[in-house]
Amino acid sequence: MKKLSEKEIEKHLEELDGWEFVNGAIETSFEFKNFKEAFSVMTRIAFECEAQSHHPDWSNVYNSLNIRLNTHDADGVTEKDFKLAQSIEDIIESE
């Protein structure tokens, strides 16, 4: 998988709401009503990550979820990251 240039990354980010390019990865945060809702969404995202064989760096504290994506094998952001980011957005929007 080819590492994207910063210009390519910025173009892809125009298609995602709330994602930013920070220190070699794309990242975003979500806030939910409570821990149960956050964990439920994380579980749905986890199944999608497994299906795509691509796993985020993420953290959860109570009702917040922070997600950071990059492709370690490419040492940067690739199309694979944007595919997963779009899937995550689709899951969030369906809630």
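Remember, predicted model here, so these are calculated numbers, not experimental data. (Residues numbered from 1 in each chain as written. Predicted model: local features only at pLDDT ≥ 70, side-chain atom pairs only at ≥ 80, totals over all residues. Heavy atoms only, no water.)

So what's going on with the overall build of the chain? Residues and values would help.
Within the chain one finds three helices and four strands. Written out in order from the N terminus, the α and β elements of the chain read α-β-β-α-β-β-α. Dimensions of the chain along its principal axes, counting C-alpha atoms only, are 35 × 25 × 20 Å. A burial count over the chain gives 39% of its 95 residues as buried. Here the contacts in the chain between residues at least 6 apart in sequence split such that 63% fall between residues at least 24 apart. Approximately 5,900 Å² of the chain is accessible, and the part contributed by carbon and sulfur atoms is 48%. Of the charged side chains in the chain, 10 are positive and 21 negative; the average position of the first set lies 3 Å away from that of the second. (Helix = DSSP H or I, 4+ residues; strand = E, 2+ residues; numbered from the N terminus. Buried < 20%, exposed > 50% of the residue type's maximum accessible area, 1.4 Å probe, protein only. Contact = heavy atoms within 4.5 Å. Areas by Shrake-Rupley, 256 points an atom, 1.4 Å probe, with all protein chains shown as cover. Lys, Arg positive; Asp, Glu negative; His and termini not counted. Charge placed at Lys NZ, Arg CZ, Asp CG, Glu CD.)

How would you explain the side chain of Ser87 if you had to name every residue and give the values?
Its place among the elements puts Ser87 in helix H3 (residues 79-94). Residue classification places Ser87 among the buried positions, given a relative accessible area of 15%. Residues in contact with Ser87, not counting those within four places in the same chain, are Glu48 and Gln52.

Before we move on, could you go through the environment of Ser29 and cite the residues and values that matter?
Among the structural elements, Ser29 can be located in strand S2 (residues 25-31). Assessed through its relative accessible area of 48%, Ser29 is described here as partly exposed. As a C-alpha pair, Ser29 and Leu65 span 36 residues in sequence and 5.6 Å in three-dimensional space. Aside from chain neighbours lying at most four places away, what touches Ser29 is Leu65 and Asn66. Within the structure, Ser29 has its side chain in polar contact with the side chain of Asn66 (distance 2.5 Å). (Polar contact = N/O pair within 3.5 Å; in protein donor to acceptor, adjacent residues only side chain to side chain.)

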